[in-house]
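# Summary of structural features
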Amino acid sequence: MAVEFYSLVFPTIGEMYTDTANPFARVKVRLYFRNIDSDIYTPIEIDTKITYCPNSTIAEIYDSALTEVKTVVAAAHDLLAGCSLGQLQALSAERMQQLG
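Below: a short report on this structure. Nothing here was measured: the structure is a model prediction, and the numbers come from that model.

### Section: the pairing of strand β2 (residues 26-35)
- Taken together, the six bridges between strand β1 (residues 3-9) and β2 define a ladder with antiparallel strand orientation. Residue S7 lies in a different strand from β2, and its bridge partner there is Y32.
- Sheet topology places β2 next to strand β3 (residues 41-49); nine bridges connect them, and they run antiparallel. Bridged to L31 within β3 is I44.

Dropping the structure here:
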């Protein structure tokens, strides 16, 4: 499968989290990729946890969020590349039992 990057979407200020006193502590980042052999656009949505200063610009906050996204995507790739479906299902079941 060949994909191409399609779009990067950050939340607007009004979409920032309001369940915390620090609305910029988490930023939802959406990456969209397109399968070049079809008309399927695949979003990857990642909540990031970032740190910032009170005088940080929106660009600095978004840059920090994108850095976190790159780290998460790389770690996910490493995990997925070495696991079979059965291994992932077992890991998922284990995590669900830990939460329950």
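Text resumes after the structure shown.
### A closer look at the sheet that holds β1
- Here three strands make up an open sheet; going across it, the order is β1-β2-β3 and the pairing antiparallel. Each end of this open sheet is capped by a strand with a single partner; those strands are β1 and β3. On average, each strand axis in the sheet is inclined to that of its neighbour by 25°, with strand direction left out of account.

Quick notes on the rules
- Residue numbers run consecutively from 1 along every chain, following the written order of its sequence.
- Given that the model is predicted, a residue must reach a pLDDT of at least 70 before its local features are reported, and side-chain atom pairs must reach 80 or more before they are shown or counted; all residues, however, enter totals for whole chains, interfaces and linings.
- Derived side-chain values reflect all non-hydrogen atoms in the structure, with water molecules and hydrogen atoms excluded from consideration.
- When DSSP finds at least two bridges between two strands, those strands are taken to pair.
- Segments assigned H or I by DSSP are reported as helices when at least four residues long, segments assigned E as strands when at least two residues long, and all are numbered from the N terminus.
- In this analysis, axes come from line fits to C-alpha atoms, helices being fitted only over the stretch in contact, and the angle between any two N-to-C directions falls in the range 0 to 180 degrees.

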